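Listed below are the residues making up each chain.
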Amino acid sequence: MAEDRPPSDDAWNAAPNAAIPRRALLAGGLAMLAGCGEPIPPVPPAADGPPRRIVSLNPCLDVILVEVVEHERITALSHYSREADSSTIAEVARDLPFTWGTVEEVAALSPDLVLNGQFVSQPLRRALDRLEIPQAVFPVPETVADSLAQVREVAALVGRPERGEALVARIEAAIAAAEPPAGAPRPSALIFMPGGFASGPNTLMDEMIRRAGFDNTAVRYGLTQSMAVPLEQIVADPPDVLLSGVTRPGAPSRAESLLRHPALAHLADRMRRETFPQKLLFCGGPVLIQTAATLAQARRAVLEVRA
C-alpha cells in the first residue's frame, strides 16, 4: 500500500455544510456538526465472541481502539491517524496497517468489525452492508458524558469492557485534576481553530473550556454554534487568553494567517497567547486527557500574569 496514494474523497466528503473545515468534519470536529446527517443505526452485537480483525475508518475511533484492544487485532486504522500535526497517536499508528477508506481496501482485509463515524459516506456504508461486513457507526459526542459512553461502547464491542472502564477512569481523573476549586477566578478564553472557527456553546470543546475554569468567549460573542470569528471582534473585545496552534510558514489556514496579523500584536497587554495544539481539537475519548492538561496549564499561566 503506497504511502503517497491520494485519499479517497468519496469515502469521506459527506459534509452537510461546506463551510465547516474539512478536517474538522473528518475527525468529528468535537460536535461542531452534531445533529446533522442520517440517524445512527444500532451497534450490532458480537456474533461469535469478540472480533479478531477490526478496521477503523475514523480517526476519533482510532484513538479509542488503540487504547482498548490488543494491537494485533487491529487490521487497519484510518490514514489520518498517521499525521503528526492532527493525531495524538501518530507514532503508534505508523506501526499499524491503515487504509485510505475505500470499499475495495476494506473488503480485501476481510474484517469482522468495521468502526465508522457518523459522517462516513452513505455509499461506503451501503457497500459494506451489501458485502455483509459488520459495522458499527458512532455519532459525534456532544458532551464529556457522551464521549465516555463512546469509549465504553467501543471497548464492549471489541470484548474488552474492563479496558474501557480503566480508560474512562483515567479521563475522568484528568478532567477532575484540571477543574479549579469553587469560587476561583474564571478568565475568558477563545480557542481559535483552523479556518478561523471557534467552538460555540453545547459542544464538547465548550464543556472542556468551562470545566477547566474558563468562560468561553465564543458565548460572549453571541455564537450559537461553532463558526468563524472575525478578527475585528477579537480586537474589539479580546479574551483573556487566545489558544491556538503553532503557526507554520506557508500554512494556508485562515486561522494561522489571522494569528500573524499585526492587529493582534497590539493586544499583548490585554490578551495572552497560549499554544493549543491542533491535534487536540478534533476528538474526545483519550484525547481529553491532554486537552484537560493543556487548558489547565493555560489557565495557570493567565492567573500568574494577573497576580
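These lines cover the structure that appears in this document, whether it is placed above or below. Within any chain, residue numbers begin from 1 and follow the written order of that chain's sequence. A pLDDT threshold of at least 70 governs which residues receive local features in this predicted model, and a stricter bar of 80 or more applies before side-chain atom pairs are shown or counted, although totals over entire chains, interfaces and linings include all residues. Side-chain descriptors were evaluated using all non-hydrogen atoms of the structure, hydrogens and water having been removed beforehand.

All right, on to helix α5 (residues 122–130) then. Turning to α5, its buried residues are Q122, L124, R125, A127 and L128. Note on contacts: a residue pair qualifies if any of its non-hydrogen atoms lie within 4.5 Å across the two residues. A run of H or I in DSSP becomes a helix once it reaches four residues, and a run of E becomes a strand once it reaches two; helices and strands are each numbered from the N terminus. Next to the buried residues of α5 lie α4 (103–108), β4 (113–117) and β5 (135–138). When accessible area is computed with a 1.4 Å probe and restricted to protein chains, residues below 20% of their type maximum are described as buried, those above 50% as exposed, and intermediate ones as partly exposed.

Turning to the state of the cysteines, a few remarks are in order. Defined simply, a disulfide is a covalent bond joining two cysteines at their sulfur atoms. In plain terms, two cysteine sulfur atoms within 2.5 Å form what is called a disulfide here. Overall, the coordinates contain 1 disulfide when judged by the stated rule. Between C60 and C283 runs a disulfide, and the two sulfur atoms are separated by 2.0 Å. Between C60 and C283, the S-S dihedral sits near -80 degrees, and the bridge is therefore left-handed. Residue C60 is located in helix α2 (residues 59–68), and its partner C283 is located in the loop between β11 (272–275) and α13 (287–306); the two are separated by 223 residues in the primary sequence. Of the two residues, C60 and C283, both sit in the buried class.

For the rest of this paragraph, the subject is the nonpolar core. Side-chain atoms within 4.5 Å link the members of a nonpolar core, which is a set of buried Ala, Val, Leu, Ile, Met, Phe, Trp, Tyr and Cys residues. Within the largest apolar cluster, 54 residues are counted, with the highest numbers of intra-cluster contacts made by L65 and L115. With residues near it in sequence (within four places) discarded, L65 still touches I54, S56, I74, L77, L115, V154 and V158. Within the second largest apolar cluster, 13 residues are counted, among which are A218, Y221, L231 and L242.

Okay, the packing of aromatic side chains next. Pairing of aromatic side chains requires ring centres within 6.5 Å, counting the rings of Phe and Tyr and the six-membered ring of Trp. Pairs whose planes differ by under 30 degrees are stacked, by over 60 edge-to-face, and all others tilted. Evaluation of the coordinates by the stated rule reveals 1 aromatic pair. On the numbers, 5.7 Å between centres and 85 degrees between planes, the contact of F98 with W100 is edge-to-face. Of the residues examined, F98 reaches a relative accessible area of 8% and is grouped as buried.

Here we come to the sheet that holds strand β3 (residues 98–99). Here the rule is simple: two strands pair whenever DSSP picks up at least two bridges between them. Spatial strand order, β3-β2-β1-β4-β5: 5 strands in an open sheet with parallel pairing. Across the chains shown, the open sheet's two edge strands, defined by having one partner strand only, are β3 and β5. Across 2 bridges, the pairing between strand β2 (residues 74–78) and β3 is parallel. Pairing of L77 across the sheet is with F98, part of β3. Every axis in this analysis is a line fitted to C-alpha atoms, fitted for helices over the stretch in contact. Angles between the N-to-C directions lie between 0 and 180 degrees. Contacts from α2 reach β1 (54–56), β2, β4 and β5 within the one sheet, and its direction differs from that of β2 by about 145 degrees. Relative to the sheet, α5 contacts β4 and β5, its axis offset from that of β5 by approximately 155 degrees.

With that settled, consider the packing of α2 against helix α6 (residues 144–157). Packing of α2 against α6 leaves a shortest axis separation of 10 Å and a crossing angle of 55 degrees. When the interaxial angle is binned, α2 and α6 end up oblique. Of the two elements, α2 crosses α6, and the hand of that crossing is right-handed. Here L61, I64, L65 and V68 of α2 come into contact with α6, specifically with Q150, V151, V154 and A155. Class assignment for the residues of the contact of α2 with α6 results in 7 nonpolar, 1 polar and no charged. Put simply, angles under 35 degrees are roughly parallel, angles over 145 are roughly antiparallel, angles from 65 to 115 are roughly perpendicular, and the rest are oblique. Here a crossing is taken to be left-handed if its near helix is turned anticlockwise relative to the far helix by less than a right angle, and right-handed if that turn runs clockwise. Classification used: nonpolar for Ala, Val, Leu, Ile, Met, Phe, Trp, Tyr, Cys and Pro, charged for Asp, Glu, Lys and Arg, polar for all others including Gly.

Read these as layout, nothing more, since geometry by itself doesn't imply function.
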